[in-house]
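One-letter residues, chain by chain:
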Amino acid sequence: MINRPRRLRTTPELRSMVRETRVSADSLVYPMFVTEGNDIKEEIDTMPGQYRWSIDRMGEILQDVISAGVKSVMLFGIPEHKDECGSEAYSDNGIIQRALRYAKENYPELYYITDVCMCEYTSHGHCGILDGHYVDNDKTLQMLAKIAVSHAKAGADMVAPSDMMDGHIAAIRSALDENGFINIPIMAYSVKYASAFYGPFRDAAGSAPAFGDRKSYQMDPHNIREAIIEAELDYEEGADILMVKPGMAYLDVLREVKARFNKPLALYSVSGEYSMIKAGAKLGYIDEKKMICESAVCMYRAGTDILITYFAKEIAQYIKEGLIG
Ligand code: PBG
């Protein structure tokens, strides 16, 4: 026998030498929730180990993130008051704007990405301005532009629009530029599916739609050619980074987008993916640590450059321990 693939699998040193995928903490982003109020560290029922933090306590988690070796966080805000047009989302004194000012001042070594969307801020829980029961695309664009500019003013290093409106990147890019933020990059949630994997997030952020669903703006899981159209539009409108979301069940989509577009690509491994691993581990059905490691490696192997995950701290730790890398 001339070819024996097992020859390269004989020792741990050799196996790590011939690895095709390298994982680094530099490309991890940790998503987290900031809420109104004081002295709050409230565990999210459906996401054990993840919390809603008030601004006065968010330093605890930011410090943990830094110690773990993760360099970037993505902030989600939970406002006190919601209204029809989600006005807290762009208020100078909104939860995200105040959280950003606090975090940038006290933990400037971290890189801050903000989620630009209205669903956590609207009374109806949809991601835009309603016209009857339909989300009005073009009216929503003006709001998204205002939200992005207010985040940049409060210190966001990067904005990440997750609304799935048509023309959103162009609207946000020109508003940022007009306000002098030419160097604030946009990470576009380009290919975002209408997914049941967001269930625990909606519990965390109180952002479930009051009626209907998000299928008139988020994508149908049956489609992949349409994913290319979405990515292409965001690319042409000036997105700096493209994103596919959710993660694990959509790696075919990630690979397709990676093959066609020469921009950095992010993958969002969402709340449902986190909660499945947590629940399985709690029941004793799976090994949590090994599942976290293997799934992270698979997402990088499929082609992601950046991984947004609630397991960011753990993955960074496992890289340090040499379990993956
Ligand atoms: C806001 C938004 C959602 C997520 C990220 N940004 C929820 C949604 O679209 O319903 C989901 C993230 C997760 O599940 O971890 N539009």
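These notes cover the structure that comes with them. Bear in mind the structure is a predicted one, so any value in this text is a computation, not a measurement.

Describing the site of the ligand
Step number 1: Around the ligand, a shell composed of 19 residues is seen, among which Lys192, Arg202, Lys245, Ser271 and Tyr310 lie nearest.
Step number 2: Within the side chain of Lys245, a nitrogen or oxygen atom sits 3.4 Å from a nitrogen atom of the ligand.
Step number 3: Among the secondary structure elements, those contributing two or more residues to the shell around the ligand are β9 (187-192) and α6 (199-205).
Step number 4: When the residues that make up the shell around the ligand are grouped by side-chain class, the tally is 10 nonpolar, three polar and six charged.

Things to note about the pattern of salt bridges
Step number 1: Under the definition given, this model contains 13 salt bridges.
Step number 2: Lys104 is paired through a salt bridge with Asp157; the nearest N and O atoms lie 2.8 Å apart. Here Lys104, found in helix α3 (residues 95-106), pairs with Asp157, found in the loop between α4 (137-154) and β8 (158-161); they are 53 residues apart in sequence, far enough to count as distant.
Step number 3: Owing to a relative accessible area of 17%, Asp157 belongs among the buried residues under this scheme.
Step number 4: Asp136 is the partner of Lys139 in a salt bridge, and the nearest nitrogen-oxygen pair spans 3.8 Å.
Step number 5: Given the relative accessible area of 46%, Lys139 is considered partly exposed.

Some remarks on unusual backbone geometry
Step number 1: Cis peptide bonds are those with omega within 30 degrees of zero, and the linkage from Lys245 to Pro246 qualifies with -5°.
Step number 2: Mapping Pro246 onto the fold places it in the loop between β10 (241-245) and α8 (251-260).
Step number 3: The phi angle at Asp39 is positive, at roughly 55°, despite the residue not being glycine.
Step number 4: Within the secondary structure, Asp39 is located in the loop between β1 (28-35) and β2 (41-43).
Step number 5: Unusually for a residue other than glycine, Met164 sits at a positive phi of about 65°.
Step number 6: Along the chain, Met164 falls in the loop between β8 and α5 (168-178).

Brief notes about the packing of aromatic side chains
Step number 1: Across all of its chains, the model carries 11 aromatic pairs by this definition.
Step number 2: Between the aromatic rings of Tyr268 and Tyr310, the centroid separation amounts to 6.2 Å while the plane-to-plane angle is 45°, which identifies the pairing as tilted. Taken as a pair, Tyr268 in strand β11 (residues 265-269) and Tyr310 in the loop between β12 (306-309) and α11 (312-320) lie far apart in primary sequence, 42 residues in all. Residues Tyr268 and Tyr310 agree in their burial class; the two are buried.
Step number 3: Between Tyr274 and Tyr310, the aromatic rings sit 5.9 Å apart at their centres with planes inclined by 65°, giving edge-to-face as the arrangement.

The rules we used
- Residues numbered from 1 in each chain as written.
- Predicted model: local features only at pLDDT ≥ 70, side-chain atom pairs only at ≥ 80, totals over all residues.
- Heavy atoms only, no water.
- Near = heavy atom within 4 Å.
- Polar contact = N/O pair within 3.5 Å; in protein donor to acceptor, adjacent residues only side chain to side chain.
- Helix = DSSP H or I, 4+ residues; strand = E, 2+ residues; numbered from the N terminus.
- Nonpolar A, V, L, I, M, F, W, Y, C, P; charged D, E, K, R; others polar.
- Salt bridge = Lys/Arg side-chain N within 4 Å of Asp/Glu carboxyl O.
- Buried < 20%, exposed > 50% of the residue type's maximum accessible area, 1.4 Å probe, protein only.
- Phe/Tyr/Trp six-rings, centres within 6.5 Å; stacked < 30°, edge-to-face > 60°.

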